[in-house]
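Below, each chain spelled out in residue letters.
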Amino acid sequence: MSIKRYIGNKHFYKNVILVALPIMLQNMVTNLVDFVDNIMVGRLSTEAVSAVGIINQLMLVYYLLIFGALSGIGIFTVQFFGKGDESGVKYTFRFKIIAAVVLSILAFSVFRFADTFLISRFINEGSQDGDLGLALALSKEYLAIVMLGMLPYAITQCYAGTLRETGDTLPPMIVSIGAVFLNLIFNYILIFGKIGFQPLGVEGAAIATLISRICECGAIVLFTHLKRKKFTFIRGVFKSMRVPKVLVKEIFKRGTPLVINETLWSLGTTVLARLYSVRGLAVFTGYNIAATVTNLFSIGFISLGMTVGIIVGQYLGAGKFDEAKDADTKLLAFTVFVAVITGATMALLAPFFPQFYTGVSSEAKEVATYMMLCASFLSPVNAFMNACYFTLRSGGKTWITFVFDGGSMWLLYVPVAMILVYLTDLTIFWIFPIVNSLEIIKCMIGYIMLKKNLWINNITVEA
C-alpha cells in the first residue's frame, strides 16, 4: 500500500496546525506550569507532594466527568457547526451549562462529606518514609479550598469547548495561558511567603489554584459576550434555557455513554493509583511525579487527538464522508509520528526530572524515573489509542468508545493490577510495566474498530 495514503500535502498540515497549535500551546503552558507547581510543592516534603497528588487524582474523576458530559454534547456542536446550523450550536451550549451546574453540585457534595474516606484510600504503609497522618491532614486542607473552584472550572469548559468546536481555538488558549501564569505567580508568592505574605505551603498552592480558576472563568465569559458579533451562538443564548426534546433525546442517547465512559475511566485510573499506593507513600509520590512529567510530554498527541475530533467531526457533519476518512488516516499517522519523537525525548530526559524535587526521598525519585521510562516506550501506542478514541467519538459511536475505553479499564487493567498487588509480592518495578503493557491489546482493538468504518456517520438532527 502506498505510503502517500498516510501523508498529507502542505495545505492539509497547514489546516491541522491552525486547529492543533492553539490547543497544543494551551496544553503545553498548562502542563508546564503544573510541572513547575509540582516542583514548588516538591521542595516542601514527600507528604506535601503526596497530598497534592491524592487530591489531583480525586479531582481527575470530576474533571473527566465534566469532560465526558460536555464532550457528549460537543460532538453535536461540531457537526451542527459543520452543517451551518447556528440554532443547533446555541441549543448545545445551553445544555452544556445545565449539565455543568448539576454535575458540579453533585461532585462538590461528595467531596464535602466523604473527604476523609476518599483520601485515606491512598495512604498506606509499605515504603521506608512518610508521615501518613500529616499526608492526610494536608490532603484535606488542600481539597477544602480547591473544590471551591469546581463550578468556575466547569463553566470555563462550556465556553472554551464551544469556541474550539466552532473553530475558534485561539481565545481559549490565550485565556488559559493567562490563568496558568497567574496560578504560577500566586503559587510562588503563597507557598513560600514572598512580598510580605506568610508562607502557606500546601494551603498556598490551593489558594493559587482557586484564584486562577475564578479569573479564567471570568475572562472567558466576558470575552465571549463582548465578542458576540463574532461568536453568534452567544447572542440571546440565556433568554431562555430551552433545548428541543428531540435534541435532548439524541444527546442522552449518544452522550450518556461518554459520561459513563469518562467516569469509569477516571475512577479506573484513580483505583490504579490507589493500588500502586499499597506499595507505600514513596511509590505514590513517585507515581505523581511521573504522571506530571508524562503529561508534559503527551501534549502533542493529546492535542492532535482533539484535533482529529474537530476536523473529522466537521467533515462528517457536512456529509463529506470520503474526506473525513482520508483526513483521519493522515491524522492518525501524524499523531503516532509525533509521539515517537516526544517519547524518545522523554526517555532521554527521564533521569533528570526527579532531581528537581529536592524535598522528596531518593526512593520516590527512583520510582518516578522508572515509570517515566516505561511511559516513554509506550507513547506511540497511547497516541494511536487516543486518536482512535476521538475518531470513534466524532461519528457519535459513543457506545463503542465506552467499550473501547472504560470497558477495557475495568475488564483488563484494574483486574490485572489487583491480582499483581494483592496476590503477589512483586514490587512496583514489575507491576507498573505489566499493567501498562496491556495497552498494546487495546491498541489492536482500536485498529479493528477503525477498519470497520462504523464511525463514519452524520448525527445532526433537525432541532
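Residues numbered from 1 in each chain as written. Predicted model: local features only at pLDDT ≥ 70, side-chain atom pairs only at ≥ 80, totals over all residues. Heavy atoms only, no water.

Asker: I'd like a description of the packing of aromatic side chains, backed by residues and values.
Answerer: Two numbers describe a pair of aromatic rings. These are the distance of the centres and the angle of the planes. Applying the stated rule across the entire model yields 19 aromatic pairs. Centre to centre, the rings of Tyr-276 and Tyr-287 are 5.5 Å apart; their planes meet at 55°, and the pair counts as tilted. Of this pair, Tyr-276 sits in helix H9 (residues 245-277) while Tyr-287 sits in helix H10 (residues 281-297), placing them 11 residues apart in sequence. Accessibility classification places Tyr-276 together with Tyr-287 in one group, the buried group. Pairwise contacts between aromatic rings join Phe-93, Tyr-159, Phe-233 and Phe-238 into one cluster. (Phe/Tyr/Trp six-rings, centres within 6.5 Å; stacked < 30°, edge-to-face > 60°. Helix = DSSP H or I, 4+ residues; strand = E, 2+ residues; numbered from the N terminus. Buried < 20%, exposed > 50% of the residue type's maximum accessible area, 1.4 Å probe, protein only.)

Asker: Give a detailed account of the packing of helix H2 (residues 46-83) against H10, specifying residues and quantitative values.
Answerer: Two numbers describe a pair of packed helices, the interaxial angle and the distance between the axes. H10 packs onto H2 with a crossing angle of 65° between their chain directions and a minimal axis gap of 9 Å. The two elements H2 and H10 cross, and the hand of that crossing is left-handed. Across the interface between the two elements, Thr-46, Glu-47, Val-49, Ser-50, Gly-53, Ile-54 and Gln-57 from H2 touch Leu-281, Phe-284, Thr-285, Tyr-287, Asn-288 and Ile-289 from H10. (Axes fitted to C-alpha atoms, helices over the stretch in contact; angles between N-to-C directions. Left-handed = near helix turned anticlockwise from the far one by under 90°. Contact = heavy atoms within 4.5 Å.)

Asker: An account of the nonpolar core is needed here, citing residue identities and associated values.
Answerer: Ranked by size, the top nonpolar core spans 133 residues in total, and within it Ile-55, Tyr-62, Phe-111, Leu-272 and Tyr-276 carry the most contacts. Here this core takes 17 residues from H2, the largest share from any one element. (Core = buried A, V, L, I, M, F, W, Y, C linked by side-chain atoms within 4.5 Å.)

Asker: So, the side chain of Arg-94: which residues are in play, and what are the values?
Answerer: Relative to the helices and strands, Arg-94 resides in helix H3 (residues 86-113). Within the buried core, Arg-94 has no salt-bridge partner, and the shortest N-O distance to an opposite charge, that of Glu-86, equals 10 Å. Ignoring sequence-local partners within four residues, the contact set of Arg-94 consists of Gly-236, Val-237, Ser-240, Met-241, Arg-242 and Val-243. (Lys, Arg positive; Asp, Glu negative; His and termini not counted. Salt bridge = Lys/Arg side-chain N within 4 Å of Asp/Glu carboxyl O.)

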